[in-house]
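Observations on the three-dimensional arrangement
Listed below are the residues making up each chain.
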Amino acid sequence: MNIKGVALDFLYKTAFKVEAPEAYERLIADAMSGDQTLFIRGDEAEAAWAVIDPIEEGWRQSKRPPDTYAPGSWGPKRNLDLIEHDGRRWMQSKDGESEPGGGLFAIMRSN
């Protein structure tokens, strides 16, 4: 593996003078060569499912289905209600529209 700093206008072919590998080409090559950096161990997968399984079970037992929302939107109104419950709110954009997800480290501001 070679590490190289690149500008934000990064183009693989320009930076490395070769075409980028196909979607699974690198993954398969890594598996064949024994490079496990892009894979998780079985116990890691089990630990991840230990977190997800109770959530899925809660959804199955719930009398209320998960809220739906339009693709590309900021999500259901209940997500705003949850944030605003304890006095926080989403930061506002220049045009005054809420921008959830605008930056993970600074998306909420206390009133």
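The coordinates are above.
Keep in mind the model is a prediction, meaning the values are calculated, not measured. Every residue gets a number counted from 1 within its own chain, in the order that chain's sequence is written. Where totals are concerned, whole chains, interfaces and linings use all residues; where local detail is concerned, this predicted model gives features only for residues with pLDDT of at least 70, and gives and counts side-chain atom pairs only at 80 or more. Hydrogens and waters are ignored; side-chain quantities use all the structure's heavy atoms.

For the rest of this paragraph, the subject is the overall build of the chain. Counting from the N terminus, the helices are the DSSP runs of H or I reaching at least four residues and the strands are the DSSP runs of E reaching at least two. A tally of regular secondary structure across the chain gives four helices and two strands. When the elements of the chain are put in sequence order from the N terminus, they spell out α-α-α-α-β-β. The buried share among the 111 residues of the chain stands at 8%. Pairs of residues are marked as contacts when any of their non-hydrogen atoms sit within 4.5 Å. Long-range contacts, defined here as pairs at least 24 residues apart, represent 12% of the contacts in the chain between residues at least 6 apart. Throughout, exposure labels follow a simple rule: accessible area from a 1.4 Å probe, protein chains only, divided by the maximum for the residue type, with under 20% read as buried, over 50% as exposed, and the rest as partly exposed.

It is worth spelling out helix H3 (residues 42-61) at this point. The span one expects for a helix is its residue count, reduced by one, times 1.5 Å. In this model, H3 (20 residues) spans 28 Å end to end at C-alpha, consistent with the 28 Å of a helix rising 1.5 Å per residue. Values of bend correspond, residue by residue, to the angle between axes fitted over the seven residues ending at that residue and the seven starting there. In the structure, H3 departs most strongly from a straight axis at Ala 50, where the bend amounts to approximately 25 degrees and where the proline Pro 54 lies between one and four residues downstream.

On to the side chain of Asp 30, then. Relative to the elements of secondary structure, Asp 30 occurs in helix H2 (residues 25-33). Excluding its chain neighbours within four sequence positions, the residues that come into contact with Asp 30 are Asp 35, Leu 38 and Phe 39.

Let's shift gears to the packing of aromatic side chains. For any pair of aromatic rings, the description consists of the separation of the ring centres together with the inter-plane angle of the planes. Pairing of aromatic side chains requires ring centres within 6.5 Å, counting the rings of Phe and Tyr and the six-membered ring of Trp. Pairs whose planes differ by under 30 degrees are stacked, by over 60 edge-to-face, and all others tilted. Throughout the structure, instances matching the rule amount to one aromatic pair. Ring centres of Tyr 12 and Phe 16 lie 4.8 Å apart, and the angle between their planes is 50 degrees; this geometry places the pair in the tilted category. Taken as a pair, Tyr 12 and Phe 16 lie in helix H1 (residues 12-16) at a separation of four residues, close to a single helical turn.

Position of Arg 26 relative to the elements: it lies in helix H2. Classification of Arg 26 as partly exposed rests on a relative accessible area of 40%. Arg 26 sits 12 residues away from Leu 38 along the chain, and the two C-alpha atoms are 9.8 Å apart. With sequence-adjacent residues up to four places away left out, Arg 26 is seen in contact with Met 1, Pro 21 and Leu 38.

Let us look at a nonpolar patch on the surface. A contiguous nonpolar surface patch, about 390 Å² in accessible area, is contributed by Val 6, Phe 10, Tyr 12, Phe 16 and Val 18. One can find Val 18 in the loop between H1 and H2. Nonpolar side chains (Val, Leu, Ile, Met, Phe, Trp, Tyr) are joined into patches within 5 Å and like charges within 9 Å, using only residues with over 30% relative accessible area and no salt bridge. Note on areas: Shrake-Rupley, 1.4 Å probe, and residue coverage restricted to the protein chains presented here. Salt bridges are defined as contacts in which a side-chain nitrogen from Lys or Arg sits within 4 Å of a carboxyl oxygen from Asp or Glu.

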